[in-house]
Amino acid sequence: MAVPKVHGSVFSTATNRVVACLHEKGIAFEFSPVDMRSGAHKKEPFLSLNPFGQVPAFEEGDLKLFESRAITKYIAHEYQESGTELIYKEPKKMAILAVWMEVEAHQFDPASSALAWELVFKPMFGMTTDAATVEQNEAKLSKVLDVYEARLSESKYLAGDCFTLADLHHLPNINCLMGTPVKKLFESRPHVNAWCSDILSRPAWSKVLETQKQS
Ligand SMILES: N[C@@H](CCC(=O)N[C@@H](CS)C(=O)NCC(=O)O)C(=O)O
């Protein structure tokens, strides 16, 4: 089987979602850095991999994918027998897992990505943080985390007793926000706080951070 290839940036949250998944599965892969500072993601040959000009993109033999969550789902199914299971075989359990993957993508991600942009990436690029946007998205994220607090008080992970893709998809944005004042929103909710500490300390995630530090 062809070695999977991830095109992306070690500083990209969406790229790190895919890389964390490959580490959880223990799959050897090739990393092809995309120089986003020079706009390589908006030009060929990258646009042939993702016409929307966003990282990551993924290749395995003749299979070409983009959208980080679609890529992690492919990896979890294709390499079901390797490493951490990440998905369930039973349809009902898988349906619950699908619910929480949707929650991450449509409830958690919009607010947390806006906060990461304002509080982590804008300062990194010398841009000014917009306080009103921060306030609005903190309020949105708080409401989402109230739901998580209730869910995690009855179940160790979002989709049940096991760490799955539903949890993994949160890692890049949680990690980013833990270095900002937004961390108080996670830490003030005891079950959310325990869940964050647990998932952030996974060896696969440590490997992602190690690679980032070396860059
Ligand atoms: N929904 C996409 C989002 C990808 C995305 O937003 N990537 C960012 C980096 S984390 C990017 O390429 N930004 C540059 C741009 O949008 O021009 C995914 O999950 O793969």
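Residues numbered from 1 in each chain as written. Predicted model: local features only at pLDDT ≥ 70, side-chain atom pairs only at ≥ 80, totals over all residues. Heavy atoms only, no water.

Chemist: Whenever I open this one, the site of the ligand confuses me. Can you help?
Modeler: The immediate surroundings of the ligand are formed by 14 residues, with Lys42, Gln54, Val55, Glu67 and Ser68 found nearest. Within the contact set of the ligand, a nitrogen atom lies 2.7 Å away from a side-chain nitrogen or oxygen of Glu67. In this structure, an oxygen atom belonging to the ligand sits 3.4 Å away from a side-chain N or O atom of Arg69. Starting from 510 Å² of accessible surface for the ligand in isolation, the protein chains cover 71%. At a threshold of 2 Å from the grid points, most atoms of the ligand map onto the largest pocket. For the shell around the ligand, the secondary-structure elements that each account for two or more residues are helix H1 (13–25) and helix H3 (68–78). With three residues, H1 is the largest single contributor of residues to the shell around the ligand. When the residues that make up the shell around the ligand are grouped by side-chain class, the tally is four nonpolar, six polar and four charged. (Near = heavy atom within 4 Å. Polar contact = N/O pair within 3.5 Å; in protein donor to acceptor, adjacent residues only side chain to side chain. Areas by Shrake-Rupley, 256 points an atom, 1.4 Å probe, with all protein chains shown as cover. 1 Å grid on protein atoms, 1.4 Å probe; cavity = no way out; pocket = protein on both sides within 12 Å on 5 of 7 lines; lining within 4 Å. Sits in = over half its atoms within 2 Å of the grid points. Helix = DSSP H or I, 4+ residues; strand = E, 2+ residues; numbered from the N terminus. Nonpolar A, V, L, I, M, F, W, Y, C, P; charged D, E, K, R; others polar.)

Chemist: Explain helix H5 (residues 131–154) to me, please; I cannot follow it from the model alone.
Modeler: At 3.6 residues per turn, the α-helix brings residues three or four places apart onto the same side. Look at H5: 35 Å from first C-alpha to last across 24 residues, which is about the 34 Å you get at 1.5 Å a residue. Among the residues of H5, Val134, Asn137, Glu138, Leu141, Ser142, Val144, Leu145, Tyr148, Glu149, Arg151 and Leu152 are the ones counted as buried. Contact partners of the buried residues in H5: helix H4 (91–124), helix H7 (171–177), helix H8 (183–187) and helix H9 (190–200). Structurally, the start of H5 carries an N-cap: the backbone nitrogen of Ala132 is 3.0 Å from a side-chain oxygen of Asp130. (Expected span 1.5 Å × (residues − 1). Buried < 20%, exposed > 50% of the residue type's maximum accessible area, 1.4 Å probe, protein only. Contact = heavy atoms within 4.5 Å.)

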